[in-house]
Amino acid sequence: MIKVIELKNLSKLYGSLRAVHELNLTVAEGEIFGFIGPNGAGKTTTIRMMGGVILPTQGEIYIDGISMAANPVEAKKRIGFIPDRPFLYEKLTGMEFLKFTADLFHVEKALFEKNAEVILRMFSLLDWADELIESYSHGMKQRLIIGAAILHEPRVIIVDEPMVGLDPAGIKLVKDLFRRLARGGTTLFLSTHSLEVAEDLCRRIGIIHRGSLIATGNLSELRQLARVQESDLEAVFLKLTEEDVPS
Amino acid sequence: MKDVITLLRPRILSMKNRVASGQRRGKMLVRLFYAMVGLIFWAGLFAIFYRVLRYFKNVEVFGDLLAFKLLAMSLITFFSLLIFSGLLTALSKFYLSRDLPLVHSLPVPSEKIFLARWLEASADSSWMVIAYSLPLFLSYGVVYKAGALFYITLLLHILPFCLIATTLSILLVLAFAPILPAGRMRSLSFVLGILVFLLLLISFRLMRPEQFANPESFATLLVYFKNMEMANDPYLPTTWFFDSIRSALSGATGKALFHTALSWSFCGSLVYLTAWIAGPLYLKGLSRAQTVYGKRPGFPVLRRLRWPSPLQWLPGPVRAFVLKEIKTFLRDQTQWPQIFLLAALIVLYLYNFSVLPLERAPFQIVYLQNLFSFLNMGLAAFVLTAVSARFVFPAISIEGGAFWIVKSAPLSAGTYLWIKFFIYFIPLLLLSELLIIATNILLRVTPFMMTLSVITMLFLAPGVVSLALCLGTLYPDFSSENPAQSVTSLGGLIYMTLCAGFIALVIALEAGPVYTIFMGGMRGASLSMSQWIWLAGSFSAGMILCFMSFVIPMRIAVRSLGEKLDG
């Protein structure tokens, strides 16, 4: 198994608040790993640390064997990062944003020309390619960000809430795309609130609660851990994350 | 009325909470500083008006004529400002505010929403004009030794005066919003407003008002005023205000109250009319404002053409950011007026040098020309500072919510900052060199002063840009709707202060040696060894200072941006 994502004792403190606590995790090449947890559990913080958007307080992140702390530029070159909120440069057109991303990631002209149109067509944005992003809907922006993230053919895709703002057709498109990319050897790490998405897409699922990874495995392993039989992910999730009720 | 107050409450509570929570020392200091600046400006205005009115009062026959002409012109100016400010505020409040979808989803009749917004827009667009018109009115009161009637009339009249202007703006906006998208209308009115202002400014300067200080010109001015019809249009709100003030100053209570009543009755009718018109028009315009975005008008075929980039030779990340910054700037119409403003100020700057009456000076022309050239270095550097404050300081904040793109890009903090530095440094250096060379040519300075100015600017510019970038990185504001305003923060204040100190120090280090060289040249005397050592020391110190002001802030900025990854 080739480890493409490796998190070692990863912790993040916001003042005295422990957002993420000693997270240890590995994700293999071509795997789709789902990261689920209640609100405020530390999903987005973990995702942002992995994308190099924020620095960990402690611990290490390795992307394709490259340390994010020691060589962030090389590590980031291997990542396609998709945040939960689609903030973009509103005064650029969709095509210009793709070119901007291509330039940042040193994508060859030929590869850009090959990929850009395919991506725009795939996400039904070709007719809007030369319109300003400010005129895009939320879903269109989200699709553009996903498109920009795969433009440079990254080894790893890190996604925070991939389906937010997408219509059913968009959700199906993204799910199919992720499966296809995984088959091609791309590793996907996605954080989501949607248990249906996690159950449907992910080979392995990690459950984070109060900053700690409380369970990892496929659905049947998680069922065993939660001691619930024949239940869906929702029941497993609720069982594992249920709060102690004070007597 | 209860609903209207409820609708206004979030604004009042937000202000209250901001005051309660925003008492950080830095913010307090900035507020205190701007309050002081505002107060000084206010007092300065009062002093100017007071002096002018005193001067007019002493002018026989024409004194009062001039004073009241000034009042009439000022009232028209205030009214125009109120209309302009009302247009922009009304567009924001009625059509573009982020809370509009929420407010309109509430079970409140739309006329009450309209009324609440009208009150808010009126207050927002008028308070500053009221504050800065007071020095004028008070100076009339003091100079003409007015009684209580004047101040009561003023208080009673200024309110309908402002309300009429704002309501007229709202009426205009209401009429055009169903036809023109509110966003475009705001950009358009902003651009037009600034253009009109610039035209007025340039034409005023080209009139060469300094000539009025010349007794012959002043006599002509008086004759002009004497022949001028004093009667103002009786249908204008400015005339009612003018007449009531004049009547109050002369103690004519009846007349003063009559004109005030005229204003109030017109104001009432106008508000009623506007509310009536708003019924069918407001929601129509609002719907249009909420659904304006679509494909851009124009020629899509042309947009689809892929032109080869003239910046292809640049490394990928550099090209990415250069193109992004240029396109974002050019496509944001709200930025254009600032370019016009900058261009107009440069034109005036150069024009001022071209009309300097050097030949009438009591000193030797050569001496004066070179003295001006030396002072001009400082002035040009301050222009550079102001332009950097506007464009370089917000260069990091301007990334806004999209800063995640920078953070997740395979780009080090240092590379990113150096890209930003060069994007701004090159055009700003060209601008400042152009400015200094053009003014020196107009001044016909010696080759020595020309060379010194060009070199000094070459050394000052990196420091000025680097300081702006550093302070902009240390004090970013990613949440602001208008990052250009971030320069009014504590960081902006520190930047301006540091830059002023830096420029003053470099100029001071050069002043002594330049004077010695210049005077030596004029007297034909050669410099002694100690003078040469002093010269070398002073110039070297200046160069070291420039170098440090360039390198140290950039280092701090790189470190700070690296740490911002932790935010």
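Overview of the structure. Owing to the predicted nature of the structure, the values given are computational and were not obtained by experimental measurement.

The next thing to look at is the overall build of chain A. Along the backbone of chain A there are nine helices and ten strands. Against the globule reference of 18 Å for 247 residues, chain A gives a C-alpha radius of gyration of 18 Å, in line with a compact fold. Dimensions of chain A, computed from C-alpha atoms along their principal axes, come out at roughly 60 × 40 × 35 Å. In chain A, which comprises 247 residues, the share counted as buried stands at 47%. Taking the intrachain contacts of chain A between residues at least 6 apart in sequence as the baseline, contacts between residues at least 24 apart amount to 69%.

This part is about the overall build of chain B. Secondary structure assignment for chain B yields 19 helices and zero strands. Across the 567 residues that make up chain B, the buried fraction comes to 32%. Residue pairs in contact within chain B that sit at least 24 positions apart in sequence constitute 84% of those at least 6 positions apart.

The partner chain B presents 28 residues to the 26 residues of chain A that form the contact. Elements that contribute at least two residues to the side of chain A that touches chain B include exactly α2 (72-77) and α3 (94-104) of chain A. Residue contributions to the side of chain A that touches chain B peak at four residues, all from α3(A). Tallied by class, residues from the side of chain A that touches chain B come to 14 nonpolar, four polar and eight charged.

This paragraph deals with the pairing of strand β1 (residues 3-14) of chain A. On a regular strand, one side chain projects to one face of the sheet and the next to the other, so that they alternate. Residue and element names in this part refer to chain A. Here β1 runs beside strand β2 (residues 17-28); their pairing, made up of eight bridges, is antiparallel. Each residue of the ladder has a partner; that of Leu13, found in β2, is Arg18. The loop that links β1 with its antiparallel partner β2 comprises two residues; one of these, Gly15, has a positive phi angle of about 65 degrees. Of the strand pairs in this sheet, β1 and strand β4 (residues 58-63) are connected by five bridges, and their pairing is antiparallel. By the bridge assignment, Ser11 is partnered in β4 with Gln58.

Here we come to the sheet that holds strand β8 (residues 187-192) of chain A. Strand pairing in a sheet is mediated by backbone hydrogen bonds. Such pairs are either parallel or antiparallel. Residue and element names in this part refer to chain A. Sheet architecture is open: six strands sit in the order β6-β7-β8-β3-β9-β10, paired in mixed fashion. Across the chains shown, the open sheet's two edge strands, defined by having one partner strand only, are β6 (79-82) and β10 (212-217). Within the sheet, the average angular offset between the axes of one strand and its neighbour, ignoring direction, is 15 degrees. In the sheet, strand β9 (residues 204-209) pairs with β10 via five bridges, with the strands oriented antiparallel. Bridge pairing links Ile205 to Gly217 in β10. Lying on the sheet, helix α8 (residues 219-226) is in contact with β9 and β10; it crosses β10 at an angle near 125 degrees.

What counts and what doesn't
- Residues numbered from 1 in each chain as written.
- Chains lettered and ligands numbered in written order.
- Predicted model: local features only at pLDDT ≥ 70, side-chain atom pairs only at ≥ 80, totals over all residues.
- Helix = DSSP H or I, 4+ residues; strand = E, 2+ residues; numbered from the N terminus.
- Rg over C-alpha atoms; globule rule 2.2 N^0.38 Å.
- Buried ≥ 20, exposed ≤ 12 C-beta atoms within 10 Å, placed from the backbone.
- Contact = placed C-beta atoms within 7 Å.
- Nonpolar A, V, L, I, M, F, W, Y, C, P; charged D, E, K, R; others polar.
- Pairing = 2+ DSSP bridges.
- Axes fitted to C-alpha atoms, helices over the stretch in contact; angles between N-to-C directions.

That is the geometry; function is a separate question.
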